[in-house]
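What follows is the residue order along each chain.
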Amino acid sequence: MNNSRYTLGDQQLNDISLKDLARRSRYGGVFYLLAFWAAAFSSTTAREHIDIIGVFSGCFLLLQIYRLVLFLKVSSSNDIDISTCFPRYAFIYNSSAIVWVSGSAWLFYINPIVDLAVTINMMAAAGISIGGVTVLAPSYKLMRSYFVLICFPFALAAGLLLNEPGNLIVVGLIIGYGLFIFITGKQQNRVYWQALNDNLKLSEQAEELEKAKVEAERAGQAKADFLAAMTHEIRTPMNGVLGMAQLLSMGDLNEQQQQQVTVINNAGRTLMHIINNILDYSKINAEQLELEKIPFSSRNVINEVMLLLSPQFDKKPIKLTCAIDDIPELVRGDPYRLHQILYNLVGNAFKFTDEGEISIEVSCKESDEKNTIILSFAIRDSGIGISPENQQKIFEQFYQVSHFNPNIRGTGLGLSITKRLVDLMGGTMSVESIVGTGSVFTVTLPFILPSEDVLNQPLLESTDKFEISDVQRPLHILLAEDNKVNQMICEQFFLKLGCSVDLAETGVMALEKFNSSQRYDIIFMDCNMPEMDGFLATVAIRQIEKDKGFNQTPIIALTAHVEESVKRKCLESGMNTFLSKPFLFEDLESIVNKVRMGKIK
Ligand code: ADP
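The following refers to the structure shown. In this text the structure is predicted, and so the values were computed from the model without any measurement. (Residues numbered from 1 in each chain as written. Predicted model: local features only at pLDDT ≥ 70, side-chain atom pairs only at ≥ 80, totals over all residues. Heavy atoms only, no water.)

Re helix α2 (residues 28-41)
- The terminal C-alpha atoms of α2, which comprises 14 residues, lie 21 Å apart, in line with the 20 Å expected from a rise of 1.5 Å per residue.
- By the burial criterion, the buried members of α2 are G29, Y32, L33, A35, F36, A39 and A40.
- The secondary structure elements touched by the buried residues of α2 are α3 (44-47), α4 (50-76), α5 (82-110), α6 (116-136) and α7 (140-161). (Helix = DSSP H or I, 4+ residues; strand = E, 2+ residues; numbered from the N terminus. Expected span 1.5 Å × (residues − 1). Buried < 20%, exposed > 50% of the residue type's maximum accessible area, 1.4 Å probe, protein only. Contact = heavy atoms within 4.5 Å.)

Printed below as a string of structure tokens:
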């Protein structure tokens, strides 16, 4: 801040200080008039000269009106001409001083005895000079000329016109007091400019900080955008890697080949997990994460987490249990983030436990806030535990406790993301752990209780358990997808699910196929396709169905985007649900089965 443009001094009376001067001085003229009247009317001789009193009063009044006019002009203008305004203020103050001294000289002349009138005059002069100092603090030059004009002629008039010896005391008083006021005025002037410069410097710093903040936000946004674009680009080929690995594993392989494919599969899934974590992490850092506020069943979310993780529990001798207290059927909040928090914690518990039990305990307590309850989720494991020192650090980003187990991998981001999500949702998170015995991670989250009408409505999308249907009804599927690898993977997955598939490579082709005599049970729609994207194609299909009075065909979005905004766009265009790439065979199977059971229609 060395070359600050704010190193102003008295010599550079600027628009701020001029406005300040105008504001401070706007009513000052009234006091000259009142003080003059007080002195004049307390003298019987002066009262006889009402015409002269009128002349002085008129001068004071005119000067006061001029002050008000100047004030209005200066305060309403954004482009003040300082070079013309400054002399006008000099004129007002110098004239006020001259009129005041002339009025006092006249009073001394007609009333030379130091009496009540003179005393009042002296007190008024003292008051006026103090007021003048405060008002003229922005300009030393103005203050100096005002004092020279008011103090010395005033003293001269008193010395010459008042009777001796009182006149000498009065002269001494005027000069002594005048000098004292002048020195005080100088100090005030210095303090005024110091304060003004400090103030301006502060506002300059605030401006610079604001600029830096915007810059930092822009940089954060660019980083988040880059990561979003990059992860999107990675998702599409990863769909190929994971899909092909899954197809391979379903084929006729010997044991060694099966193991090799499992390694590809696991590595691919871990990579996707890391990519998702990094994306979330950057979104949270860029404060881009939007939380949903929709009614949902927390019981369903817990079921989904358990169901998703349950295949892993076949690999270790660990029992997964869940105890849910009496909690409200529906709450309002973000089910996706609750899912993510629980998935991370139960996933970690599994990762760091070799045998025993992992339990999810859910309870509910009242909140101080109206219509809000607090759900508490305790994830307890009988795993390796965490030492007290590490318990302090595990919520920091990229912190990992060093383990000697090469099978345990991670990024050190899971808990820090979970903690930040919990903070964003207004909750708390804590850990208790004993090394070698196990850990308990407890999360409390406030949720709003939905209103009565919401409670009576069916949930938009039921998140009931993913039941595996035994109804193997063959479905006819339209797959709109331009990527050859994805076409191949989906086609083979669908064939394995006993379905037949028609392919469309663009949105336009999908529309043509839909318009033909063929009837489809499901449409899988890639969002980004040439000619016409999946969103537009869906809107068109929904319109055709409406025009022709057809039942709606379930449309499932296939998208490599994971942003909530894209998911929302899918639903808004008329799609029933979405599947993020890379998807697994189980994901397609679950959707196909849901359609078979009429759960998506
Ligand atoms: P990572 O992805 O590396 O697991 P996390 O942020 O999820 O990162 O966890 C950070 C560290 O906290 C882990 O390296 C692990 O040492 C420890 N940790 C997390 N959960 C548990 C648990 N349930 N039991 C023991 N240690 C845990």
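Overview of the pairing of strand β10 (residues 522-526)
- β10 sits mainly inside the fold: five of its five residues count as buried.
- Alternating residues of β10 divide into I522, F524 and D526 and I523 and M525, and every residue in both groups is buried.
- Sheet analysis places strand β8 (residues 476-480) next to β10, joined by four bridges and oriented parallel. Across the sheet, residue I477 finds its bridge partner in β10, namely I522.
- In the sheet, β10 pairs with strand β11 (residues 555-559) via four bridges, with the strands oriented parallel. If you follow D526 over to β11, its bridge partner there is L558. (Pairing = 2+ DSSP bridges.)

A look at the nonpolar core
- Formed by 57 residues in total, the largest nonpolar core has its most connected members in F36, W100, Y146 and I150.
- Of all the elements in the fold, those that place two or more residues in this core are α1 (15-25), α2, α4, α5, α6, α7 and α8 (166-250).
- Of the residues forming this core, the biggest block, 15 residues, is contributed by α5.
- The residues contacting I150, other than those within four sequence positions of it, are A97, W100, V101 and I128.
- In terms of nonpolar packing, the next biggest core, distinct from the first, is built from 43 residues, I358, I373, F395 and V422 among them. (Core = buried A, V, L, I, M, F, W, Y, C linked by side-chain atoms within 4.5 Å.)

Points about the side chain of R67
- Looking at the element boundaries, R67 is found in helix α4.
- Within the buried set, R67 has no salt-bridge partner at all; the shortest N-O distance to an opposite charge, 13 Å, is to D20.
- Among all residues touching R67, those that are not within four sequence positions of it are S25, R26, G28, G29, Y32, Y89, I92, Y93 and S96. (Lys, Arg positive; Asp, Glu negative; His and termini not counted. Salt bridge = Lys/Arg side-chain N within 4 Å of Asp/Glu carboxyl O.)

Overview of a nonpolar patch on the surface
- A cluster of nonpolar residues, Y27, V30, F31, L34, W37, F41, I50 and L68, forms a patch on the protein surface that exposes about 730 Å² of accessible area.
- Where the nonpolar patch is concerned, the elements lending two or more residues are α2 and α4.
- For the nonpolar patch, the element with the highest residue contribution is α2, accounting for five residues.
- If you trace the backbone, V30 turns up in helix α2.
- Taking relative accessible area as the criterion, V30 reaches 32% and is therefore assigned partly exposed. (Patch = residues over 30% accessible without salt bridge, like charges linked within 9 Å, V, L, I, M, F, W, Y side chains within 5 Å. Areas by Shrake-Rupley, 256 points an atom, 1.4 Å probe, with all protein chains shown as cover.)

Function cannot be read off these values alone, since they describe shape.
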